[in-house]
Every structure is written in structure tokens, then in C-alpha cells.
Amino acid sequence: LNIILLLCFCYCCVICSSHLVFFEPFKSQICPSPPHTHTHLLPNKQKKNKASHTIPTLTNIHTSLALLWSLRLMIFLLHREYVNWPQLHKRTIQVNERSRMESKFSVWIICSFFYATMVMPCIYRMQDAIIVADENYASLPWGIVGKIGLILQGTGLLLESVADAQKSSFKSRNRGENRSKWCHVGLWKYSTHPNFLGEGMFWVGTYLGGIGCCCCRRRRSKSMNRRSIMPWMICTVGLLFITFVIRGAVESLSVKQLRNYGQDGEFLEFKKTHGFFGPFRIPKHLAVLSF
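Calculation criteria
- Residues numbered from 1 in each chain as written.
- Predicted model: local features only at pLDDT ≥ 70, side-chain atom pairs only at ≥ 80, totals over all residues.
- Heavy atoms only, no water.
- Helix = DSSP H or I, 4+ residues; strand = E, 2+ residues; numbered from the N terminus.
- Buried < 20%, exposed > 50% of the residue type's maximum accessible area, 1.4 Å probe, protein only.
- Contact = heavy atoms within 4.5 Å.
- Areas by Shrake-Rupley, 256 points an atom, 1.4 Å probe, with all protein chains shown as cover.
- 1 Å grid on protein atoms, 1.4 Å probe; cavity = no way out; pocket = protein on both sides within 12 Å on 5 of 7 lines; lining within 4 Å.
- Points joined across faces, edges and corners; volume = space filled by probe spheres on them.
- Nonpolar A, V, L, I, M, F, W, Y, C, P; charged D, E, K, R; others polar.
- Phe/Tyr/Trp six-rings, centres within 6.5 Å; stacked < 30°, edge-to-face > 60°.
- Lys NZ or Arg CZ within 6 Å of the ring centre and 35° of its normal.
- Polar contact = N/O pair within 3.5 Å; in protein donor to acceptor, adjacent residues only side chain to side chain.
- Patch = residues over 30% accessible without salt bridge, like charges linked within 9 Å, V, L, I, M, F, W, Y side chains within 5 Å.
- Salt bridge = Lys/Arg side-chain N within 4 Å of Asp/Glu carboxyl O.
- Core = buried A, V, L, I, M, F, W, Y, C linked by side-chain atoms within 4.5 Å.
- pLDDT = per-residue confidence, 0-100.
- Axes fitted to C-alpha atoms, helices over the stretch in contact; angles between N-to-C directions.
- Parallel < 35°, antiparallel > 145°, perpendicular 65-115°, else oblique.
- Left-handed = near helix turned anticlockwise from the far one by under 90°.

**Q** In this structure, what is going on with the overall build of the protein chain? I would like to understand it.
**A** Looking only at helices and strands, the protein chain has nine helices and zero strands in total. The N-to-C order of helical and strand elements in the protein chain reads α-α-α-α-α-α-α-α-α. Within the protein chain, buried positions represent 36% of all 291 residues. Pairs at least 24 residues apart make up 75% of the contacts formed inside the protein chain by residues separated by at least 6 positions. Summed over all atoms, the accessible surface of the protein chain reaches about 16,900 Å², with 65% contributed by carbon and sulfur.

**Q** For this particular structure, what's the right way to read empty space enclosed by the protein?
**A** Remark: the empty space left among the atoms is shown by a probe the size of a water molecule rolled over them. All chains considered together, the criterion is met by one cavity of 30 Å³ or more. Within this model, the largest cavity holds a volume of roughly 50 Å³. Together, Thr-117, Met-118, Pro-121, Trp-203, Thr-206, Tyr-207, Cys-235, Gly-238, Leu-239 and Ile-242 line the largest cavity. Mapped onto the lining of the largest cavity, the elements with two or more residues apiece are α5 (101-135), α7 (194-217) and α8 (225-261). Counting residues per element, the lining of the largest cavity draws most heavily on α8, at four residues. Classifying every residue of the lining of the largest cavity gives seven nonpolar, three polar and no charged.

**Q** Would you mind showing me how to read the packing of aromatic side chains here?
**A** We describe a pair of aromatic rings using the distance from one ring centre to the other and the angle between the two ring planes. Tallying each qualifying case throughout the model produces 10 aromatic pairs. Considering the side-chain rings of Phe-113 and Phe-114, the 5.2 Å spacing of their centres and the 70° angle between planes classify their relative orientation as edge-to-face. Phe-114 gets classed as partly exposed once you look at its relative accessible area, which sits at 23%. For the ring pair Tyr-261 and Phe-267, a centre distance of 5.6 Å and an interplane angle of 65° mean the geometry is edge-to-face. Members of the aromatic cluster, each reached through a chain of ring pairs, are Phe-113, Phe-114, Tyr-115 and Phe-241. Sitting over the ring of Trp-142, Arg-125 keeps its end group 4.1 Å from the ring centre.

**Q** Just to check I follow, could you spell out the side chain of His-274 for this structure?
**A** Within the secondary structure, His-274 is located in the segment after α9 (265-273). Overall, the relative accessible area of 14% leaves His-274 in the buried class. A polar atom in the side chain of His-274 sits 3.5 Å from the backbone oxygen of Lys-189.

**Q** What is the right way to read a nonpolar patch on the surface from this model?
**A** A surface patch of nonpolar side chains, about 370 Å² in accessible area, is lined by Ile-229, Met-230, Trp-232 and Met-233. By the element assignment, Met-230 lies in helix α8.

**Q** Would you mind going over the nonpolar core with me for this structure?
**A** Note on soluble globular proteins: their nonpolar side chains tend to be buried together. By size, the foremost hydrophobic cluster in this structure holds 23 residues, and its most contacted members are Trp-69, Phe-202, Trp-203 and Ile-242. At the level of elements, α3 (57-84), α5, α6 (143-171), α7 and α8 are the ones that each hand at least two residues to this core.

**Q** What's the story with the pattern of salt bridges in this structure? I'm lost.
**A** Where charged atoms of side chains with opposite charge meet at close range, the side chains can pair. Within this structure, the stated rule accounts for three salt bridges. With its nearest N and O atoms 3.2 Å apart, the salt bridge here joins Arg-72 to Glu-160. With Arg-72 in helix α3 and Glu-160 in helix α6, this pair connects stretches of sequence that are 88 residues apart. With respect to class, Arg-72 is no different from Glu-160; both count as buried. A cluster of three or more residues bridged by salt bridges with shared partners is formed by Arg-72, Glu-160 and Asp-164.

**Q** Looking at this structure, how should I read the side chain of Thr-117?
**A** For Thr-117, the location among the structural elements is in helix α5. Only 2.5 Å separates the side chain of Thr-117 from the backbone oxygen of Phe-114, close enough to count as a polar contact. With near-sequence residues (within four places) excluded, Thr-117 lies in contact with Ile-234, Cys-235, Val-237 and Gly-238.

**Q** In this structure, what is going on with the confidence of the model for the protein chain? I would like to understand it.
**A** Close reading of the predicted structure is inappropriate where its pLDDT is low. With 68% of its residues at a pLDDT of 70 or more, the protein chain shows a mean pLDDT of 75. Note that residues 18-43 has pLDDT below 50 and, in this model, 47 contacts with residues that lie over four places away or in other chains. Long-range and interchain partners of residues 218-227, a stretch whose pLDDT sits below 50, account for nine contacts in this model, where long-range means more than four residues apart.

**Q** Would you explain the packing of α3 against α6 in this entry?
**A** Two packed helices can be described by the angle between their axes and the distance between those axes. Two numbers describe how α3 lies on α6: the axes approach to 11 Å, and their chain directions differ by 15°. Between α3 and α6, the crossing angle belongs to the class labelled roughly parallel. Seen from above, α3 lies across α6 with left-handed handedness. Together, Leu-58, Ile-61, His-62, Leu-65, Ala-66, Leu-68, Trp-69, Arg-72, Phe-76, His-79 and Asn-84 of α3 and Lys-147, Leu-150, Gln-153, Gly-154, Leu-157, Glu-160, Ser-161, Asp-164 and Ser-168 of α6 make up the contact between the two elements.

So this is what it looks like as C-alpha cells:
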């Protein structure tokens, strides 16, 4: 938990820094005309670009949703450990005392690297705005894929937030007596793990929102062909990382649920008819996607 909180804090610092540089609510002036520039001598199109270039609204939304994700996760984890589930805090302290500093440091470095790759789609979108201002050409369009990514990003964040809030509320009822009971309310009626489903949707949307920026760059300049594959690879590494993390978490929690609620007939029946993606089962030949 401490590692996650540290990563959330670092992530907030990175995103807030990008906002301080690029963000003047949703419209940022990043390329004003120098005082000595004679704009009346420039062509109309170039004069327009030199006079003012703003970061696209969709680009700012893309980054802002990532900022909201980190803030929501940090608040949720703090509330769960210190308010809703104090026993977890005591357990965390015991685990922290038993862990060696070398082990902690290695985990921090590895996780920080992969979380950095996950946020790179937002950074590349912001970077494109700088290149646009410096080189005087039109900003890369978001296109259908990018807009679908934004929809997935927003929907996933909402789904994850609501699912976590519903489960937290259920577990804290009756003075904590529901802590050992199976949560089957709200979104949890339709999916075995709606919070992780929302998490996956959010990061897939983040990836789709920024990956078009990497793919389209090679069309602008032949000299950029060799460099354009690297941003794509970095973003893909981040997406693969969070996919394996979610898959591992879902499998671990499924085993834990079966151990805790295996005697509950309603739970067993629910598991037969519902899965990670909702009230239907994934065919066996697509089991790799079924979590």
C-alpha cells in the first residue's frame, strides 16, 4: 500500500507539472509571437499559427482524466486503510517491518518504470502540442480511435470509482460485520470484478488516446521512421504490464473468494453465470481474455 501511495504521489507530481506548463484551463497559449516578429509579412496560415496555438481540448481531457485517476486511487486507499478498515493498516505495518529495504527499493524501481510507461500516452499527446508549436504544422487529429479511447477512459474511471464505493459501503455496514460477507450489490450484481474491469477499460482508453500520436508521426517525416516505433513500444509495454497485473489480481481474488464463500450456494450459482466482463461466459478458445 505504501508503494502504491508513493507511486500515486509521484504520478500526481508529473501530471501536475505538465499542467503547470501546458494547462491554462483547457486552452493554453504555448507559442506566442516574439516581439520582433513582423506578422504582417507572414502568410495568413503561418501568421495564424505564429500568433497563437492552443493545446486541443481533447488532449487536456486525456491528461486530466489520468490525474483524476491517480487522485481517486490515493483518496480511496487512504480512506480504506485509515477509516474504513483500520485492521488493514496494522497488518500493513507488520508486513513493512518484516520487509528488507533492498526488496522495497527494487519493487519501487520496477513499478515506477512500468507506471511511467503507462502514463506515456498522455505525455506523447502533450509533446505533440509542443512539436506543433515549434514546427508550424497542424496538430495531429484525434480520429475515431482516439475519441473511442477517451470514452473508454472516462467510462472506466466512472465504473471503477462506483464499484469501489459500493463495495466499501457494503463492507462497512453493520459496524463492520459485513467485512466477511460476499458483496453482491450495485455493479457487483453484474460482474465478478467490476472495479478491475473499469481499471482495464481506463488504461486501454489511455493507450488508444495516445497511441495514434506515435503511429501518425512517421507519416510527417521520413527521417522520423526509425524513431517513431520507440514511443509505440513504450506505450505497449505499459499496457501489457497493467494487463498482467489486473489478470493476476483477478485470479488471486477469485481463489480467495472461492475459499471464503465456497459454501454459499448463491455465490456458486453467480460464478457459473457471470464473469469478469459481465453476465455471460467467454468461450473456452478465448479463455485468455476471460480472466
